[in-house]
Amino acid sequence: MQVILNQDIKELGKKGELVNVSDGYAKNYLIPRKFAVAADASALNELKNRESSKAHRLAVEKANAEEAAAKINGKTVRITAKAGKNGRLFGSVTTKEIAEKLKTEFGVTIDKKCITSEDIRSCGTYVCTVKVYSGITAKISVTVTEE
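The paragraphs below set out a description of the structure included in this document. Only a predicted model underlies this, so the values are computations on that prediction, with no experimental measurement involved.

Considering the pattern of salt bridges
Point 1. Tallied over the full model, the rule gives 2 salt bridges.
Point 2. The residue Glu46 makes a salt bridge to Arg50 at a minimum N-O spacing of 3.4 Å. Linking Glu46 with Arg50, this pair stays in helix H2 (residues 41-72), spanning 4 residues, or about one helical turn.
Point 3. Look at Glu46 and you get partly exposed, because its relative accessible area is 49%.
Point 4. Judged by relative accessible area, which is 41%, Arg50 ranks as partly exposed.
Point 5. Between Arg121 and Asp119 there is a salt bridge, with its nearest N and O atoms 2.8 Å apart.

In structure tokens, the structure reads:
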């Protein structure tokens, strides 16, 4: 019997998958406990619609990420910070500050966890990698100047 899983079941499948199980297992265990529904025509149609909407949503997200990566790739972000002798900063420039500058200058919202950079503790120019989406990255330059 074919059933569509309503939740992940160990050694059987993940939520939303269509699996073949024995009739007794489906009728006596999976369906009464609402772990699965019988794969009739309406359930299969609903599954197909869910999968197509998910694919569309992922395509839109990827297109938006590529657009955002194109906006910021190769750009330079300028940050001013207080510095002491020899251009050494009081503290450091964090990825949070870089993300805020990207938002204000280019209108691109990036999570601070998606920005990788070396430890910025002195004035100068640094190259940072921004992971916009899975498989989509952009390189930006961060120029730190003294206030």
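Here's the deal with the packing of aromatic side chains
Point 1. Following the criterion strictly, the structure yields 2 aromatic pairs and no others.
Point 2. Both rings, one in Tyr25 and one in Tyr29, keep their centres 5.5 Å apart while their planes meet at 10 degrees; by these two values the pair is stacked. Of the two residues, Tyr25 and Tyr29 are both situated in helix H1 (residues 23-30); the distance of 4 residues between them amounts to about one turn of the helix.
Point 3. Ring pairs connect the aromatic residues Tyr25, Tyr29 and Phe35, which therefore count as one cluster.

Details of the pairing of strand E1 (residues 2-5)
Point 1. Judged from the 3 bridges that link them, E1 and strand E2 (residues 18-20) form a sheet pairing that is antiparallel. When the sheet's bridge partners are listed, Val3 is paired in E2 with Val19.
Point 2. Bridge count for E1 against strand E3 (residues 36-38) is 3 bridges, and the pairing is antiparallel. Within E3, the residue paired with Val3 across the bridge is Ala38.

Description of the state of the cysteines
Think of a disulfide as a covalent bridge from one cysteine sulfur atom to another cysteine sulfur atom.
Point 1. The tally for this structure, following the rule as stated, stands at 0 disulfides.
Point 2. Here Cys114 is not disulfide-linked; the sulfur of Cys128 is the nearest cysteine sulfur, at 13 Å.
Point 3. Cys128 provides the cysteine sulfur closest to Cys123, a residue in no disulfide bond, and the two sulfurs are 15 Å apart.
Point 4. Cys123 gets classed as partly exposed once you look at its relative accessible area, which sits at 28%.

Re the environment of Leu18
Point 1. Along the polypeptide, Leu18 turns up in strand E2.
Point 2. Leu18 sits in the partly exposed class, given a relative accessible area of 38%.
Point 3. A sequence separation of 86 residues divides Leu18 from Thr104, and the C-alpha atoms of the two residues are 46 Å apart.

Describing the nonpolar core
Point 1. Grouped together as the largest cluster of nonpolar side chains are 26 residues, with contacts concentrated most on Ile98, Leu102, Ile115, Val130, Val132, Ile140 and Val142.
Point 2. Among the secondary structure elements, those contributing two or more residues to this core are H2, strand E4 (76-81), strand E5 (88-93), helix H3 (95-106), strand E8 (124-133) and strand E9 (136-146).
Point 3. In terms of residue count, E9 provides more of this core than any other element does, 5 residues in total.
Point 4. The residues contacting Val132, other than those within four sequence positions of it, are Ala65, Ala68, Ala69, Ile110 and Thr137.
Point 5. Core analysis: the next-biggest nonpolar cluster, separate from the first, contains 9 residues, Ile9, Val21, Leu30 and Ala36 among them.

Each value, and the rule that gives it
- Residues numbered from 1 in each chain as written.
- Predicted model: local features only at pLDDT ≥ 70, side-chain atom pairs only at ≥ 80, totals over all residues.
- Heavy atoms only, no water.
- Salt bridge = Lys/Arg side-chain N within 4 Å of Asp/Glu carboxyl O.
- Helix = DSSP H or I, 4+ residues; strand = E, 2+ residues; numbered from the N terminus.
- Buried < 20%, exposed > 50% of the residue type's maximum accessible area, 1.4 Å probe, protein only.
- Phe/Tyr/Trp six-rings, centres within 6.5 Å; stacked < 30°, edge-to-face > 60°.
- Pairing = 2+ DSSP bridges.
- Disulfide = S-S within 2.5 Å.
- Core = buried A, V, L, I, M, F, W, Y, C linked by side-chain atoms within 4.5 Å.
- Contact = heavy atoms within 4.5 Å.

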